[in-house]
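# Understanding the architecture of this molecule
In case you want the letters, here they are:
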Amino acid sequence: MTTVVVGAGHAGLAASHHLSARSIDHVVLERGQVANSWRTERWDSLRLLTPNWLNRLPDLPYDGPDPDGYLTMGEVVGLVERFAAAAQAPVRTETAVTEVRRTDAGYRVATSAGEIDARTVVVASGAFNTPAVPALSQGVPASVHQVTPFAYRNPLQLPDGGVLVVGASASGVQLAAELARSGRPVTLSVGEHVRMPRTYRGRDVLWWMDTTGVWDERYDQVDDLDRARRLPSPQLVGTAARATLDLNALADLGVELVGRLAMVRDGRALFSGGLRNVFALADLKLERLLDSFDAYAGRSGRDAEVGPAERFPPTRVPGSPRWQLDLAAGEISTIVWATGGRPDYSWLGVPVLDEKGRLRHDGGVVDSPGLYALGLPVLRRRRSTFLHGIDDDARAVVEHLSGHLDGSP
Ligand SMILES: Cc1cc2nc3c(=O)[nH]c(=O)nc-3n(C[C@H](O)[C@H](O)[C@H](O)COP(=O)(O)OP(=O)(O)OC[C@H]3O[C@@H](n4cnc5c(N)ncnc54)[C@H](O)[C@@H]3O)c2cc1C
């Protein structure tokens, strides 16, 4: 076998698409079914935050009736399955990769269904397959139910009572809103976050991100790449009403905002102060982003094509935000850790991880000859982890892989 691709999400399938285009024989190994993460690691009400027209996959642009809509999880699974079929990807489902080791000729890939020797391996096993729950969760009293967005499905699944949602990125704000609407008292712990309106000047805010080229920025041009790769997802939700879901909207729903969860001590959650500063920083960054959109509209002569410039009220700071919560007192029955995810490389027996467990790679070319990666944040561009970011990345990575096979540098 020339190439083994690990994972049949859109990234692994895009690798397959470009490998086939170069007639490189390969197999895509998937521990579950195609689009496994979308089937098994997402909550019921989730919709994409990228509008349909933006979700272009290699040779598969959106051609449905609702370009401005947002796909449900079932629809995303359908999309990724359609892509697998169109790419004629040679996927072996229910085949987990249990180890990858280096050999003289390349790599030995151990799977739940035997071993495969391959000259090259593409790691497309997902950037967020394991919940990243902070260690302080260990101090939470046993009476409090703890769940992550990977296992959460809907409000009915949680015990009665108040919910503390930790993290105010896309997942955290969406779950806080859903739980508040279900009638539960919700407290949201807010750290650094990215505020965005759903629409700006009459267009989806992601139209602006796409059109102005923000997402085109290459990994080798980004000032602080490490930071760019850790940037939280924007506070957005995909709904038919194209509603904005920022902290003001959550406060209107009755969600109580508190600072970043700093510590759990003696059964008490302690929150950082300085909410005012955290909010002001997010507001300032939003202003700068909108300024850049306005500048683009002016520069490119599109002012008349879009609506008038807008500015949004600052994030309201609660009068006296609580700085601690007694988790043992019964007020909080559940904590939702919306603190993000990280990749799982427990099966990767090649020494290519840094001290934080991240793959050492240069634009997807991993620090071991013939080993490649796809689907990681800002892998080659700011849009790398989005569905629409994969085509360019997969093409470039497969081009390098092809050169490696040919023996060219
Ligand atoms: C909550 C959430 C919302 C998102 N919303 C959007 C959005 O609106 N728009 C957008 O463009 N992007 C969105 N994304 C980002 C991105 O599209 C997804 O993270 C996407 O799933 C990444 O695709 P992938 O192919 O890199 O990884 P995955 O889809 O995670 O695919 C990796 C595959 O590898 C398999 N695998 C892992 N380990 C092994 C192993 N050892 N052996 C065999 N198989 C293995 C997994 O089962 C999985 O099928 C969202 C992500 C999350 C988490």
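Basis of the calculations
Residues numbered from 1 in each chain as written. Predicted model: local features only at pLDDT ≥ 70, side-chain atom pairs only at ≥ 80, totals over all residues. Heavy atoms only, no water. Pairing = 2+ DSSP bridges. Helix = DSSP H or I, 4+ residues; strand = E, 2+ residues; numbered from the N terminus. Axes fitted to C-alpha atoms, helices over the stretch in contact; angles between N-to-C directions. Phe/Tyr/Trp six-rings, centres within 6.5 Å; stacked < 30°, edge-to-face > 60°. Buried < 20%, exposed > 50% of the residue type's maximum accessible area, 1.4 Å probe, protein only. Domains from an automatic or database assignment. Buried area = accessible area lost by both parts, 1.4 Å probe. Salt bridge = Lys/Arg side-chain N within 4 Å of Asp/Glu carboxyl O. Polar contact = N/O pair within 3.5 Å; in protein donor to acceptor, adjacent residues only side chain to side chain. Nonpolar A, V, L, I, M, F, W, Y, C, P; charged D, E, K, R; others polar. Near = heavy atom within 4 Å. Areas by Shrake-Rupley, 256 points an atom, 1.4 Å probe, with all protein chains shown as cover.

Moving on: the sheet that holds strand E15 (residues 261-265). Strand pairs in the sheet, formed through backbone hydrogen bonds, run parallel or antiparallel to each other. Taken in spatial order, the three strands of this open sheet run E15-E16-E17, and their pairing is antiparallel. Of all the strands in the sheet, the pair left with one neighbour each is E15 and strand E17 (324-326). Adjacent strand axes in the sheet meet at a mean angle of 20° when their direction is disregarded. Where E15 lies against strand E16 (residues 268-271), four bridges are found, and the strand directions are antiparallel. In the sheet register, leucine 261 faces E16, and the bridge partner there is phenylalanine 271.

Counted under the stated rule, the structure contains seven aromatic pairs. Summarising the aromatic geometry, the rings of tryptophan 207 and tryptophan 208 are spaced 5.0 Å apart at their centres and angled 85° between planes, so their arrangement reads as edge-to-face. Summarising the aromatic geometry, the rings of tryptophan 208 and phenylalanine 293 are spaced 5.4 Å apart at their centres and angled 20° between planes, so their arrangement reads as stacked. Of the two residues, tryptophan 208 sits in helix H5 (residues 205-211) while phenylalanine 293 sits in helix H8 (residues 275-299), which places them 85 residues apart along the sequence. Taken as a pair, tryptophan 208 and phenylalanine 293 share a single burial class, namely buried. Cluster of aromatic residues (ring-pair linked, three or more members): Tyr200, Trp207, Trp208, Phe293 and Phe312.

Time to look at unusual backbone geometry. One non-glycine residue with positive phi stands out, namely glutamate 94, at about 50°. Position of glutamate 94 relative to the elements: it lies in the loop between strand E3 (91-92) and strand E4 (97-103). Unusually for a residue other than glycine, arginine 242 sits at a positive phi of about 50°.

What follows deals with the domain arrangement of the chain. According to the domain assignment, the chain consists of domain 1 (3-129 + 343-405) and domain 2 (132-337). When each unit is reduced to the centre of its C-alpha atoms, the spacing between domain 1 and domain 2 is 28 Å. Summed over both sides, the interface between domain 1 and domain 2 buries roughly 2,800 Å², with carbon and sulfur atoms accounting for 51% of that surface. Of all residues in domain 1, the largest losses of buried area upon contact with domain 2 belong to Trp43, Leu49 and Arg382, amounting jointly to 28% of the total for that side. For the pair domain 1 and domain 2, the number of links is four salt bridges. With a shortest N-O distance of 3.1 Å, aspartate 210 and arginine 56 are connected by a salt bridge. Our count for the contact surface shared by domain 1 and domain 2 stands at 19 residue pairs in polar contact (both at pLDDT 80 or more). Here the side of domain 1 that touches domain 2 is built from residues that sort into 13 nonpolar, seven polar and eleven charged.

For the rest of this paragraph, the subject is the pattern of salt bridges. This model, assessed by the stated rule, comprises 33 salt bridges. Across the pair glutamate 331 and arginine 322 runs a salt bridge, and its minimum N-O distance is 2.7 Å. Judged by relative accessible area, which is 30%, arginine 322 ranks as partly exposed. Shared partners join several salt bridges into a network, and the residues in it are Arg201, Glu287, Asp291, Asp294, Asp303 and Arg311.

For the rest of this paragraph, the subject is the site of the ligand. Neighbouring the ligand are 30 residues; Glu30, Ser37, Leu49, Thr50 and Leu387 lie closest to it. At 2.9 Å, a backbone N or O of alanine 11 approaches an oxygen atom of the ligand. Surface burial for the ligand is 91%, taken as the share of its 980 Å² of free accessible area covered by protein chains. For the shell around the ligand, the secondary structure elements donating two or more residues are helix H1 (10-21) and helix H2 (36-40). Of all the elements, H2 adds the most residues to the shell around the ligand, at three residues. Counted by class, the shell around the ligand contains 15 nonpolar, twelve polar and three charged residues.

Taken together, the three strands give an open sheet; going across it, the order is E4-E5-E6, and neighbouring strands pair in antiparallel fashion. Across the chains shown, the open sheet's two edge strands, defined by having one partner strand only, are E4 and strand E6 (114-118). For this sheet, the mean inter-axis angle between neighbouring strands, taken without regard to orientation, is 20°. The pairing of E4 with strand E5 (residues 106-111) spans six bridges and is antiparallel. Paired with threonine 103 across the strands is glycine 106, a residue of E5.

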